[in-house]
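Tertiary structure, described
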Amino acid sequence: MIDWESDPDLKNLRDDFISSLKGRLEKIILVQEEILNLGISSERIYEGQIIAHSLAGIAETYGFPILTLIAAKLDDFLDFCSKNYPTHEILEFMNLLELALKETVKGGIDSRILLEDVRMKRLTFAVESLLD
Amino acid sequence: MIDRLNILLAEDDQQIARLVQFKLDREGFNVVIAEDGKEAIDYLLARKWALIILDVMMPVHDGWYVLKKLRQFTEIHIPVLMLTAKSYHSKDIANAAELGASQFLRKPFDPNELAAQVKRIVGV
């Protein structure tokens, strides 16, 4: 485990990472708006998956394991949707990632409260049952 | 004065690249960043590398292409540490081992574990 507060240069790197999440947050909001306005499409699923996949691969490295967990589950779910059929839950689960990102951007925290959110439980169940 | 060992890091995500460069710099290495597969290939012959850290998913050319190119230069024997996505990990290992990659590290990784692997591979 890295002690991010122990070194000012490390702290700056982490602060920069948190700032960079604003861009990812804007993108996930935009994808959701496109789905609401224009409907689900393979392109929009792919855009959402790119955001989730990229975030899953980095957030925990910077000390945000819950953000990685949510992003990884969304990545798996969207991967299934891209190869099979999209479900109405796509927006619900993208919204969950949006909330997690907002918490981290706003307060620099990993959102533990979302682990108990009903949407998280539904996403976990969906991924486990779809991938069986 | 002892020369620092050179490490080529091929990684398109700036946030990952900066952290790895910072961590390995503190461990005494000189890290050069390539932001895509083409840049990584251009750098292959640019200097003597103690190690190449290679991300799989990159623009222009992916890590597999860069690894194949490296192995075509038979006079160069550089160890390669591949960074793989969680979901592709087991498939990646088989593929990369055939192409001669030395080690693999799954994303998201612990920077301390990365540094430990790097030191093990280069033997410091």
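For the structure, check the block above.
The following paragraphs examine the structure supplied in this document. (Residues numbered from 1 in each chain as written. Chains lettered and ligands numbered in written order. Predicted model: local features only at pLDDT ≥ 70, side-chain atom pairs only at ≥ 80, totals over all residues. Heavy atoms only, no water.)

1. Some words on the interface of chain A and chain B
Where we set the bar: A contact between two residues is defined here by any heavy atoms of the two lying within 4.5 Å. The quantity reported as buried area is the accessible area (1.4 Å probe) lost by two parts once they are put together, taken as the sum for both. Each salt bridge in this description consists of a side-chain nitrogen of Lys or Arg and a carboxyl oxygen of Asp or Glu lying within 4 Å of one another. Polar contacts, as used here, are pairs of N or O atoms within 3.5 Å; protein pairs need one atom able to donate a hydrogen and one able to accept it. Residues neighboring in sequence count only if both atoms are side-chain atoms. Polar here means any residue other than Ala, Val, Leu, Ile, Met, Phe, Trp, Tyr, Cys and Pro, which are nonpolar, and Asp, Glu, Lys and Arg, which are charged; Gly is therefore polar.
Contact residues are listed per partner, giving 20 residues for chain A and 16 residues for chain B. For the pair chain A and chain B, the summed buried surface comes to about 1500 Å²; carbon and sulfur atoms form 58% of the total. Inspection of the chain A/chain B interface yields 4 salt bridges. Of the charged contacts in the structure, one is a salt bridge between Arg-26 of chain B and Asp-9 of chain A, with a shortest N-O distance of 2.9 Å. Where chain A meets chain B, there are 6 residue pairs in polar contact (both at pLDDT 80 or more). A per-class count over the side of chain A that touches chain B returns 9 nonpolar, 6 polar and 5 charged.

2. Notes on helix H2 (residues 37–44) of chain B
Residue and element names in this part refer to chain B. Just so we agree on the cut-off: Only protein chains enter the calculation, and the probe is 1.4 Å; a residue is then buried if its accessible area is under 20% of its type maximum, exposed if over 50%, and partly exposed in between. Starting at the N terminus, helices and strands are each numbered in turn, a helix being any DSSP run of H or I of at least four residues and a strand any DSSP run of E of at least two. By construction, the arc corresponds to the directions joining the helix axis to the C-beta atoms.
For H2, every residue scored as buried is listed here: Gly-37, Ala-40, Ile-41 and Leu-44. All buried residues of H2 lie within an arc of 100° about the axis, which places them on one face of the element. Where H2 is buried, its residues touch strand E1 (5–10), strand E2 (29–34), strand E3 (51–55) and helix H3 (63–72). Its side-chain oxygen at 2.9 Å from the backbone nitrogen of Lys-38, Asp-36 defines the N-terminal cap of H2.

3. Some words on the packing of H2 of chain B against H3 of chain B
Residues and elements named next belong to chain B. Basically, it comes down to this: A fitted line through C-alpha atoms serves as each axis, taken over the contacting stretch for helices, and the angle formed by two N-to-C directions is quoted from 0 to 180°. By the definition adopted for this analysis, an angle is roughly parallel if under 35 degrees, roughly antiparallel if over 145, roughly perpendicular if from 65 to 115, and oblique otherwise. By convention, the crossing between two helices is left-handed when the near helix turns anticlockwise from the far helix through less than a right angle, and right-handed when the turn is clockwise.
Closest axis-to-axis distance for the H2/H3 pair is 9 Å, and the angle between their directions is 15°. Considered as vectors, H2 and H3 are oriented roughly parallel to each other. Seen along the crossing, H2 lies across H3 with a hand that is right-handed. Here H2 contributes Gly-37, Ala-40, Ile-41 and Leu-44 to the contact with H3, which in turn contributes Tyr-65, Val-66, Lys-69 and Leu-70. Classifying every residue of the contact of H2 with H3 gives 6 nonpolar, 1 polar and 1 charged.

4. Structural notes on the pairing of E2 of chain B
Residues and elements named next belong to chain B. Spelled out, the test is: Two strands are counted as paired when DSSP detects at least two bridges linking them. If you view a crossover with the strands going away from you and the path from the first strand over the helix to the second runs clockwise, you call it right-handed.
The pairing of E1 with E2 spans 6 bridges and is parallel. The residue bridging Leu-8 from the neighbouring strand is Val-32, located in E2. Handedness of the crossover joining E1 and E2 through helix H1 (residues 14–26) is recorded here as right-handed.

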